[in-house]
Amino acid sequence: MENMEEFKALKQENSKLKLEARLRKSLASELERQKTLVQEAKVEADAQRDKLQKAPEQLSKYLSPQICEKIFSGAEFSAKSSRKKLTIFFSDIVGFTTISEQMEAEDLSNFLNFYLTNMCDIALKYGGTIDKFIGDSVMVFFGDPETNGAKEDAAACCDMAMEMLTFLENNQQQVQEMYNFPEKLEVRVGIHNGLCNVGNFGSAQRLDYTAIGRAVNVASRLEQAAPKNSILVSSAVHNLIKDKFEIWRQKTNDIISLVNSISAGTGTQTTISETPPPTPSNGDLWWDSTSGKLKIYYDDGDSLQWLDAFLSSSNPPMTTISDSAPLNPNIGDLWWDSSTGKLK
């Protein structure tokens, strides 16, 4: 009887030990599984962290770095636009459509990458916000999302433009040799200062942070009217930079020109009076039918005087405008339509 009790006790102890062994084994298995899950989660977290660390760098290739920094800083980034006074820059390679048709696809791609990379580097150096590329054209604006004040923004934009022209002039030979560029690389630049709507524009699926408005259109038209390898600025920009830059005076290959009339019209034509205004302002225009010339009221720093217009890459006097439309017009060509009293 006593042996029987001991046997039962041993059997119960044995069952208990087996149960504990199974529990330990199950617990070890669960701990191993949890450890594996933790390791997998760590690997996934590391991968996500790497992606997040690379995201700003990758995104900055598609957006201006200033915009990327604002997005990733956690600052409020409203989908609404705001109205601000900006200095807007446009540049364009002269005759690039024709030039591109003469180049091999690989040379063209490599050249554009070289050209746009260096233009962007210079723009970022001076604090410009790179808005967009339109083929070979570049649009940059100053004054958003950060500004140093209207005068400093305009001066920085002009400094940027002159450095771009200097860079291209110094690298002419490299461009022609490395990319088989068939002609001399020449650019035009237009700069204007005015009120714009700036912010996010687009759809629910895709937004574009950009500036829109008449001031942007004026800067674009200034660029189209600029002489080769020159910078054409509006009177609004001239008033902001006149203490720092010489106007109309050629310095190396950089010419900063002044025009007020382009912002006065709509589209591609401007109504010009055939009599001089009684109280003219710097940049005003009128059509002198006696001489057949367009006149501009110009401040040379010492006095205001009427000079022959339109703008060219040399100092005044300038170009006589025909009373008839050219047979084979180019972009930017002008003629005086006496029947409507408009410059076209």
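Residues numbered from 1 in each chain as written. Predicted model: local features only at pLDDT ≥ 70, side-chain atom pairs only at ≥ 80, totals over all residues. Heavy atoms only, no water.

Student: Could you give an account of the packing of helix α4 (residues 105-125) against helix α6 (residues 172-179), with specific residues and numbers?
Tutor: Following both chains from N to C, one finds α4 and α6 inclined at 150 degrees, their axes separated by 10 Å at the closest point. Classified by the interaxial angle, the pair formed by α4 and α6 is roughly antiparallel. Viewed along their axes, α4 and α6 form a crossing whose handedness is right-handed. Counting all contacts with α4, which are made through D107, N110, F111 and F114, the residues of α6 involved are Q174, V175, M178 and Y179. By residue class, the composition of the contact of α4 with α6 is five nonpolar, two polar and one charged. (Axes fitted to C-alpha atoms, helices over the stretch in contact; angles between N-to-C directions. Helix = DSSP H or I, 4+ residues; strand = E, 2+ residues; numbered from the N terminus. Parallel < 35°, antiparallel > 145°, perpendicular 65-115°, else oblique. Left-handed = near helix turned anticlockwise from the far one by under 90°. Contact = heavy atoms within 4.5 Å. Nonpolar A, V, L, I, M, F, W, Y, C, P; charged D, E, K, R; others polar.)

Student: Could you give me a rundown of the pattern of salt bridges, with the residues and numbers involved?
Tutor: Inspection of the entire model under this criterion finds seven salt bridges. One network of salt bridges, in which partners are shared, links D92, R188 and E223. (Salt bridge = Lys/Arg side-chain N within 4 Å of Asp/Glu carboxyl O.)

Student: Explain the packing of aromatic side chains to me, using residue names and the numbers behind them.
Tutor: According to the stated counting rule, one finds six aromatic pairs in the structure shown. Relative to Y179, the ring of F111 lies with its centre 6.1 Å away and its plane at 65 degrees, an arrangement referred to as edge-to-face. Of this pair, F111 sits in helix α4 while Y179 sits in helix α6, and the two are 68 residues apart along the sequence. For Y179, a relative accessible area of 9% translates into the label buried. A centroid spacing of 5.4 Å and a plane angle of 35 degrees characterise the contact between F114 and Y179, whose relative ring orientation is tilted. You can see F114 sitting in helix α4 and its partner Y179 sitting in helix α6, a full 65 residues away along the chain. Connected via pairs of aromatic rings, a cluster forms that spans F96, F111, F114, Y115, F167, Y179 and F181. (Phe/Tyr/Trp six-rings, centres within 6.5 Å; stacked < 30°, edge-to-face > 60°. Buried < 20%, exposed > 50% of the residue type's maximum accessible area, 1.4 Å probe, protein only.)

Student: Run through the pairing of strand β6 (residues 230-234), naming residues and quoting values.
Tutor: Burial within β6 is extensive, with five of its five residues counted as buried. A two-sided burial pattern is seen for β6, the buried positions comprising S230, L232 and S234 on one face and I231 and V233 on the other. Where strand β4 (residues 187-202) and β6 come together, four bridges link them in parallel fashion. Looking at the pairing, R188 lines up with S230 of β6. (Pairing = 2+ DSSP bridges.)

Student: Break down the packing of α4 against helix α5 (residues 150-170) for me, citing the residues and quoting the values.
Tutor: If you want to describe how two helices pack, look at the angle between their axes and the distance between the axes. Packing of α4 against α5 brings their axes to within 9 Å, and their N-to-C directions diverge by 145 degrees. For the element pair α4 and α5, the recorded crossing hand is right-handed. Facing F114, Y115, N118, M119, I122, A123 and K125 of α4, the residues of α5 in contact are M160, E163, M164, F167 and L168. Partitioning the contact of α4 with α5 into residue classes produces nine nonpolar, one polar and two charged.

This is a description of form; function is not addressed.
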